[in-house]
Amino acid sequence: MERQNKFDKDSKKEQKEFIEKLVRLNRTAKTTKGGRAMSFSALTVVGDGKGRVGYGFGKANDVSEAIRKSIDKAKRNLMFVPVKNGTLPHEMLGNYKSSSILLKPACPGTGIIAGGTVRAIMDAIGATDVISKSLGSSSPVNVVRATFNALENLMDAKEIASNRGKSLQDMWG
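Here the residue index of a chain counts from 1 through its sequence in written order. Reporting of local features is limited, given that this is a predicted model, to residues whose pLDDT is at least 70; pairs of side-chain atoms are given and counted only at 80 or more, and all residues count toward the totals for whole chains, interfaces and linings. Excluding hydrogens and water, the side-chain values take into account all heavy atoms of the structure.

Honestly, the side chain of Asp-48 in this entry has me stumped. Any pointers?
Helix and strand definitions here come from DSSP, where helices need a minimum of 4 consecutive H or I residues and strands a minimum of 2 consecutive E residues; each element is numbered from the N-terminal end. If you trace the backbone, Asp-48 turns up in the loop between β2 (35–47) and β3 (52–60). For Asp-48, the side chain forms a polar contact with the main-chain nitrogen of Arg-52, separated by 3.0 Å. Note on definitions: a residue-residue contact is assigned when non-hydrogen atoms from the two residues lie within 4.5 Å. When near neighbours in sequence (up to four residues on either side) are disregarded, Asp-48 contacts Glu-17, Phe-18, Ile-19 and Ala-124. Polar contact is defined as a pair of N or O atoms within 3.5 Å, subject to the rule that within protein one atom must be able to donate a hydrogen and the other to accept it, and that residues adjacent in sequence are counted only when both atoms are side-chain atoms.

How should the sheet that holds strand β4 (residues 79–80) be read in this particular structure?
Pairing between strands is defined by DSSP: at least two bridges between the two strands are required. Spatially, four strands are ordered β1-β2-β3-β4 in an open sheet, and the strand pairing comes out antiparallel. The open sheet is flanked by β1 (19–32) and β4, the only strands paired with a single partner. Two strands pair when backbone bridges link them, and β2 and β3 are joined in this way by eight bridges, in the antiparallel orientation. The residue of β3 that forms the bridge with Val-46 is Gly-54. Between N-to-C directions, angles cover 0 to 180 degrees, with each direction set by a line fitted to C-alpha atoms, over the stretch in contact for helices. Lying over the sheet, helix α3 (residues 116–125) contacts β1, β2 and β3, oriented at roughly 140 degrees with respect to β1. Along the sheet, helix α4 (residues 140–152) contacts β1, β2, β3 and β4; its crossing angle with β3, the most-contacted strand, is approximately 155 degrees.

Could you clarify how one ought to interpret the pattern of salt bridges in this entry?
Opposite charge on two side chains allows them to pair when their charged atoms are near. What makes a salt bridge here is a side-chain nitrogen of Lys or Arg within 4 Å of a carboxyl oxygen of Asp or Glu, nothing more. Counted under the stated rule, the structure contains five salt bridges. A salt bridge links Lys-21 to Asp-123; the nearest nitrogen and oxygen atoms lie 3.7 Å apart. Pair noted here: Lys-21 is in strand β1 and Asp-123 is in helix α3, with a separation of 102 residues, a long-range link. Residue classification places Asp-123 among the partly exposed positions, given a relative accessible area of 29%. Measuring nitrogen to oxygen at the nearest pair gives 2.5 Å for the salt bridge that ties Glu-65 to Arg-68. On the criterion of helical spacing, the pair formed by Glu-65 and Arg-68 is a turn pair, its members being three residues apart in helix α2 (residues 63–76). Note on exposure labels: buried denotes an accessible area under 20% of the residue type's maximum, exposed denotes more than 50%, and partly exposed covers the range between, all computed with a 1.4 Å probe on protein chains only. On the basis of relative accessible area, Glu-65 is assigned to the partly exposed category, the value being 30%. Look at the salt bridges and you will find they share partners, linking Glu-65, Arg-68 and Asp-72 into a network.

Got a minute to help me understand the packing of α3 against α4 in this structure?
Angle between the axes and distance between the axes: these two values describe a pair of packed helices. Two elements in contact, α3 and α4, have axes separated by 9 Å at closest approach and are oriented at 45 degrees. By the angle between their axes, α3 is oblique relative to α4. With respect to the hand of their crossing, α3 and α4 are arranged in right-handed fashion. Residues Thr-117, Val-118, Ile-121, Met-122 and Ile-125 of α3 form the contact with α4, whose own contacting residues are Pro-140, Val-143, Val-144, Thr-147, Phe-148 and Leu-151. Here the term charged refers only to Asp, Glu, Lys and Arg, the term nonpolar to Ala, Val, Leu, Ile, Met, Phe, Trp, Tyr, Cys and Pro, and the term polar to all other amino acids, Gly among them. Class assignment of the residues belonging to the contact of α3 with α4 gives a composition of nine nonpolar, two polar and no charged. Here roughly perpendicular refers to angles of 65 to 115 degrees, roughly parallel to angles under 35, roughly antiparallel to angles over 145, and oblique to all remaining angles. Two helices cross in a left-handed way if the nearer one is turned anticlockwise from the farther one by less than a right angle. They cross in a right-handed way if the turn is clockwise.

Any chance you could explain the packing of aromatic side chains here in plain terms?
For this analysis, a ring pair means two rings from Phe, Tyr or Trp (six-membered ring only for Trp) whose centres lie within 6.5 Å, classed as stacked if their planes differ by under 30 degrees, edge-to-face if by over 60, and tilted for the remaining angles. Enumeration over the complete set of coordinates arrives at one aromatic pair. With a centroid separation of 4.8 Å and an interplanar angle of 55 degrees, the aromatic rings of Tyr-55 and Phe-148 are classed as tilted. In this pair, Tyr-55 sits in strand β3 while Phe-148 sits in helix α4, placing the two residues 93 residues apart along the sequence. Taking the relative accessible area as the measure of exposure, Tyr-55 reaches 22% and is therefore partly exposed. Take Phe-148: its relative accessible area is 3%, and that puts it in the buried class.

Fair warning: the whole summary comes from geometry, so function is off the table for now.
Printed below as a string of C-alpha cells:
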C-alpha cells in the first residue's frame, strides 16, 4: 500500500485545477564579449475550464523559469468570463494597439473556429463553440491582450436584465 503525504495531494490537485497553455516562447540573443547570451520570454494562458482565465508574460535566462514565471503571473490575473452552453453570451470586438479580435457566439457543434492564440484562450475558458476573426496585427502578445479586452467587456444575461430593471424570464420570454 502506497502512502502519500499531504503535500503530494495538494500538488496533484493544483495540477488538475488549471489548464495551462503555452502560447508563445521567444528566444533573444544578446552579443557580449564572452559570446551570445540567450534569454527567453514565455506567454501563457491559464484557465479552469469553467469560465476563469488569465494570461501571463515571463522572462528569464532559462526556458523552464520563464514558463514558470508566466504561469504564476497568469494565475494572479484570473478573470471570470460568462460562458453559457459552451459559447459566449453575445458578439464582442476587442482592441489592443493595432490588433482587433471579433468574437461571436456559435451554435452547438460548431467547435472553436479561431487561430492558435485565441483557440488556446477559448480552450482554457471551457468554451466549445466560438467563432473568431483576428484583424490587424497578428503578434501573439497583442492578440492575447485584444482577446482579453473583448472578454472583459462581455456581459452576463443576469447583469443585462438587472440593468434594464427586468427579470431573466421577461427578457427571454
